[in-house]
Amino acid sequence: MEVNHINAGYESENGYISVLKDVSLTVNRDIILGIAGESGSGKSTLAAVLYNSFRYPGTIRSGEVIFDGKNLLKMKPNELRKLRGTEISFIPQAAMNALNPVKKIRLQFYDMMIAHNIKENDFDSKISSSLELVRLQENVLDNFPHELSGGMRQRVVIAMSLLLSPKFIILDEPTTGLDVMVEHDILLDIKKIQRTLGLTIVFISHDLPILFGISDAIVMMYGGEIVESGDYEDLLRNPAHPYTYQLLKSIPLIGTKIDSSMIMKGIAIDFNHIPHGCYFHPRCNFAVPKCSDIHPELKQTDGKTHLYRCNRYPEWSRNAKLEAIGT
Amino acid sequence: MKMEEQEVIKDNKSLLGKIINPLKILLSNGKAKAGFIMLVALILFAILGQFFSPYNPTKYEFARGMPPSYAHLLGTTIYGQDVFSQLFYGAAPTLMVGFAVGVLGTLISIAVGISAGFASERVNTVITGIINIFLIIPGVLLIMLFGSFFLGLHQSLGYLPTILILIITGWAFGARTFRSITLSIAKRDFILSSILIGESRLSIIFRQIIRAIFPVIISNFFFTAMYGTMGLTFVEYLGVGNLLQVNWGTMLYWAINNEAYLTGMWWWILPPSFMISILMFSFILLNFGMDEIGNPSLRRFKSKNKNENKKIIGDLDVNIEN
Amino acid sequence: MSILRTENLSKTFISRHGIIAAEKTEALKDINIRLEEKELIGIVGASGSGKSTLAKLLVFLYRPTGGKIYYMDEDITKYRGKDVKKYRKKIQMVFQDPYASLDPNHSVEWHIKRPLILSRYNGDLDNRIDELLDMVTLNKSYRAKFPHQLSGGQRQRVYLARTLAVSPEVLIADEPVSMLDVSVRIEILTLLQRIKEQLGISIIYITHDLNTVSMITSRLYVMHQGMVVENGDTDSIINRPSNEYTRKLIAAAPNPYKRI
Ligand SMILES: Nc1ncnc2c1ncn2[C@@H]1O[C@H](COP(=O)(O)OP(=O)(O)O)[C@@H](O)[C@H]1O
Ligand code: SF4
Ligand SMILES: [Mg+2]
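Since this is a predicted model, take the numbers as computed values, not measurements.

> Tell me about the packing of aromatic side chains, and name the residues and values.
Tallied over the entire structure, the rule returns 29 aromatic pairs over all chains. Where Tyr222 of chain A meets Phe280 of chain A, the ring centres are 5.2 Å apart and the plane angle is 80 degrees; that geometry is what we call edge-to-face. Of this pair, Tyr222 of chain A sits in strand β9 (residues 217-222) while Phe280 of chain A sits in the loop between α9 (242-249) and β11 (299-300), and the two are 58 residues apart along the sequence. The exposure class assigned to Tyr222 of chain A is buried, which follows from its relative accessible area of 4%. Their ring planes at 80 degrees and their centres at 5.3 Å tell us that Phe13 of chain C and Tyr62 of chain C sit as a pair that is edge-to-face. Of the two residues, Phe13 of chain C sits in strand β1 (residues 4-16) while Tyr62 of chain C sits in the loop between α1 (51-58) and β5 (66-71), which places them 49 residues apart along the sequence. The class of Tyr62 of chain C is partly exposed, set by a relative accessible area of 28%. An aromatic cluster is built from Tyr245, Phe286, Tyr308, Tyr313 and Trp316 of chain A, whose rings are joined through pairwise contacts. Directly above the aromatic system of Tyr70 of chain C lies the positively charged group of Arg5 of chain C, at a separation of 4.3 Å from the ring centroid.

> Account for the packing of helix α5 (residues 121-136) of chain B against helix α8 (residues 160-186) of chain B, with residues named and values stated.
Residue and element names in this part refer to chain B. Taken N-terminus to C-terminus, the directions of α5 and α8 make an angle of 140 degrees; their axes are 9 Å apart at the nearest point. Classified by the angle their axes make, α5 and α8 are oblique. Considering the relative orientation of α5 and α8, their crossing is left-handed. Of the residues in α8, those in contact with Asn124, Thr128, Ile130, Ile131, Phe134 and Leu135 of α5 are Ile168, Trp171, Ala172, Phe173, Ala175, Arg176, Arg179 and Leu183. Here the contact of α5 with α8 is built from residues that sort into 10 nonpolar, two polar and two charged.

> Tell me about the sheet that holds strand β7 (residues 91-94) of chain C, and please be specific about residues and values.
Residues and elements named next belong to chain C. Judged by pairing direction, the sheet is mixed, and its six strands sit side by side in the order β7-β8-β9-β4-β10-β11 without closing on themselves. The sheet is open, and its two edges are formed by β7 and β11 (227-233), each paired on a single side. Adjacent strand axes in the sheet meet at a mean angle of 15 degrees, parallel and antiparallel pairs treated alike. Note: strand β10 (residues 219-224) against β11, six bridges, orientation antiparallel. Residue pairing for β11: Arg219 is matched across the bridge by Asp233.

> Can you lay out helix α11 (residues 214-237) of chain B for me, pointing to particular residues and giving the numbers?
All names here are of chain B. The terminal C-alpha atoms of α11, which comprises 24 residues, lie 34 Å apart, in line with the 34 Å expected from a rise of 1.5 Å per residue. The largest bend along α11 reaches roughly 35 degrees and is located at Gly231. Just past α11, the residue Gly239 takes up positive phi, approximately 80 degrees.

> Please set out the domain arrangement of chain A residue by residue, giving values where relevant.
Residue and element names in this part refer to chain A. Domain annotation of chain A identifies domain 1 (2-215) and domain 2 (233-318). Here the C-alpha centre of domain 2 lies 29 Å away from the C-alpha centre of domain 1. Of the residues lining the interface, 12 residues belong to domain 1; the matching set on domain 2 comes to 14 residues. Contact between domain 1 and domain 2 buries roughly 1000 Å² in total, counting both sides, with carbon and sulfur atoms accounting for 68%. Run the count over domain 1 and domain 2 and you get one salt bridge. Where Arg283 meets Glu38, a salt bridge forms, and the shortest distance between an N and an O atom there is 3.0 Å.

> Break down the interface of chain B and chain C for me, citing the residues and quoting the values.
Contact residues are listed per partner, giving 21 residues for chain B and 27 residues for chain C. Of the roughly 2200 Å² buried between chain B and chain C on both sides combined, carbon and sulfur atoms contribute 58%. Considering only the side of chain B, the residues that lose the most area to chain C are Asp189, Leu196 and Ile197 of chain B, jointly responsible for 32% of the buried surface there. Seen at the junction of chain B and chain C, the total is one salt bridge. Here Arg114 of chain C and Glu199 of chain B are joined by a salt bridge, their closest N and O atoms 2.8 Å apart.

> Describe the coordination of the magnesium ion (ligand 3), and please don't skip the residues or the numbers.
Residue and element names in this part refer to chain A. The protein atoms that coordinate the magnesium ion (ligand 3) are Ser44 (OG) and Gln93 (OE1), at distances spanning 2.4 to 2.5 Å. Placement of the pair is Ser44 in helix α1 (residues 43-50) and Gln93 in the loop between β6 (88-91) and α3 (105-115), with a sequence separation of 49 residues. With a relative accessible area of 42%, Gln93 lands in the partly exposed category.

> Give me the side chain of Asp209 of chain C: which residues, what numbers.
Mapped onto the fold, Asp209 of chain C is located in the loop between β9 (202-207) and α7 (210-216). In this structure, Asp209 of chain C is buried with no salt-bridge partner, the nearest side chain bearing the opposite charge being Arg185 of chain C at 4.1 Å. Not counting residues within four places of it along the chain, the set of residues in contact with Asp209 of chain C comprises Val180 of chain A together with Val44, Arg185 and Pro254 of chain C.

Analysis parameters
- Residues numbered from 1 in each chain as written.
- Chains lettered and ligands numbered in written order.
- Predicted model: local features only at pLDDT ≥ 70, side-chain atom pairs only at ≥ 80, totals over all residues.
- Heavy atoms only, no water.
- Phe/Tyr/Trp six-rings, centres within 6.5 Å; stacked < 30°, edge-to-face > 60°.
- Helix = DSSP H or I, 4+ residues; strand = E, 2+ residues; numbered from the N terminus.
- Buried < 20%, exposed > 50% of the residue type's maximum accessible area, 1.4 Å probe, protein only.
- Lys NZ or Arg CZ within 6 Å of the ring centre and 35° of its normal.
- Axes fitted to C-alpha atoms, helices over the stretch in contact; angles between N-to-C directions.
- Parallel < 35°, antiparallel > 145°, perpendicular 65-115°, else oblique.
- Left-handed = near helix turned anticlockwise from the far one by under 90°.
- Contact = heavy atoms within 4.5 Å.
- Nonpolar A, V, L, I, M, F, W, Y, C, P; charged D, E, K, R; others polar.
- Pairing = 2+ DSSP bridges.
- Expected span 1.5 Å × (residues − 1).
- Bend = angle between axes of the 7 residues up to and from the residue.
- Domains from an automatic or database assignment.
- Buried area = accessible area lost by both parts, 1.4 Å probe.
- Salt bridge = Lys/Arg side-chain N within 4 Å of Asp/Glu carboxyl O.
- Donors = N, O, S within 2.8 Å, 3.2 Å for Na, K, Ca; no water.
- Lys, Arg positive; Asp, Glu negative; His and termini not counted.

Below is the structure:
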């Protein structure tokens, strides 16, 4: 999948509010691409655009989403319908709470297959193979959603998305709201399914620790822009954008004691009042006066795949290292 | 948007500000605005009707069953009354009954519903039982029951008995609504928090619950007022109202009773039906408008390039499939 | 003398389906915990392990079905009415979801002023409100704001100021950061620690996340299926867990440096 120059936002009483600004990215086959950022950085907006399910008051101003050579955003409704579920599927944020509460799980699976004209004889085999992937027993089929725990509901939702064997899956915050044990189990399963079936997954989360744990490549979003992207290891070891660096530093870890230098100052960007220059400068520990004037472009580091959007790289990163040694 | 509302309200602490600002919010919504204008027009009509009705609406002094003419704008009834005068003069009592039932019925619903939803378990059970009794017994039966009880008092008390009957038969529905939302709000963290910091039950009800359910209160008011106006007609119909009073309910009653629709006297039956419909419609519009104001997700914004969106987005009704 | 202590505290929920059929859920079984003065302890466990039930029992939002609660060595299990009100002045609770714990119809100022009025604060209210806001690192300009104008982290700080206005001696924080972005968690945790150190308030920090609990607490109780399965010094539990379940919790703690 290739995403080119997406500009999208929301209509509001005060006119159009721009959220995604010229977002371009490429999702390579057979990997997990992580999209990271604090809540309100535009991740869910991007997810909905990728699936062409972005609806009013959401508005796409321009850009294209090329999937298998075709622009998803220009597709006709019936083309889209054919594609969805079978080629590409999307699990929106909090989907596990959006299961139909008055229908047994089995019926909800059936509904989906009927909508895609699957032969009735294949129903049961398809269901049982997708349940097996997420390690659920078949007896969940006879439950109502509310009779299942959060973790099980999430597994049901994942099983549904796998039902028609799509090759491309978009997951928006799939483990938010679950506790760490369940989350860990589900992440392990997602990884295993992705590797064995050779899926391409776009994994969206504000939770950096799990995102870095599971992704092969990572895109960092801030203020509706991509501020850094590249291989997960590059970002983890050598972040080129202070936002990535500061976020990673603020992660609570077992065995460390709390320290006020870990605090990430300021609050997530407000799309009504976007700062001049670098959007991140009010919160950046390395900002210099020019940062509030010059809006940095996306540049490449020495490694070809590692992109960043900062006026002061690699200068700031040397300073940070010196500081770390100093203390 | 919400942010601004709050700020506007905060800037204007004066009494005038307190009245004008909610009104501004109300008028910012198209539906509410239309309903409001219709209602104001009806109220003006009703007030004027008290002073300027061309003839005495109760006198049988004209030729019977005459179609509309210059002298009788809406013709006369089969008894020789002037229809327009009846319509004009009868507006005020109709509105008055509707509003009285709306206000008093809603007050009772709030009191009963909230105390059921936020009282101890035992009180809740008892009150819920009472509400259910009123809901289960058919309204018709209640009207007959209380109607015949009040019948003897009718003459001296004017509209009071009718209003009382309609309140007695109309409060329970709202009370049930209030009870169930109160029950759900009472479990919310912000109410638990108030319990923890030591707020009394009454204080929580007045400071927090009433504010939280305010949109529902308003909508319930319009609903009950609607019931009141309609009720005026069927109270007459069931024969427990005072048929000598002039209002749109009695007008309809007499018109229908004399089979005006069969004898072609449309000028007798259409005007009151039309006016009642307009009144209902204004209530409904206000009700929907209020819902939208209270629930921003129902709102739509003006957009310059909506067509453009449509083109790109394609079909709007495809659900997000998992 | 422990400030707060439980003795075989149990809670069984009975949910009715119809008139006769009833289902019993044992949420807590024989819980024994103690909190010393000026201590910050942790309770960890997966969801459904009974942590929130325990928190709600301790502030009397639920009644225990067995066992006892002691406050300053006084058995308070049977407290009713006025006594409960008095006790709640000493012990406050922070909720998990900062988007639900503040009343959307009231300003920040109202949220802090009410507990001050109710506890008959007899200094200058305005000064005190500013002081409390300052304590949670918010400035005066926040007084007039409404919850929907605040981020999750700011809401949680306002909520902390509200509880501090009661001048409690014990604070029970039920997953105060789990709904927040990772980037603001540290801020709230630092705040909890400061509240303990500067105001001498004892804190029970409840969470499912071993990362955060290991950073600020001195002692730890690990809960599983309504029971305490391990307890002791935080560092030694983390370094040498003796219980299988604790080991699993440690393995599941999110870590960007560990591949999934
Ligand atoms: N329905 C909506 N109407 C108006 N603004 C919205 C709507 N949904 C999201 N936004 C705004 O879009 C921005 C990005 O939101 P979102 O994509 O949900 O971020 P994330 O997934 O990172 O939490 C936020 O500022 C949010 O307020
Ligand atoms: S451009 Fe300046 S403010 Fe922005 S991230 Fe780089 S150093 Fe920080
Ligand atoms: Mg999101």
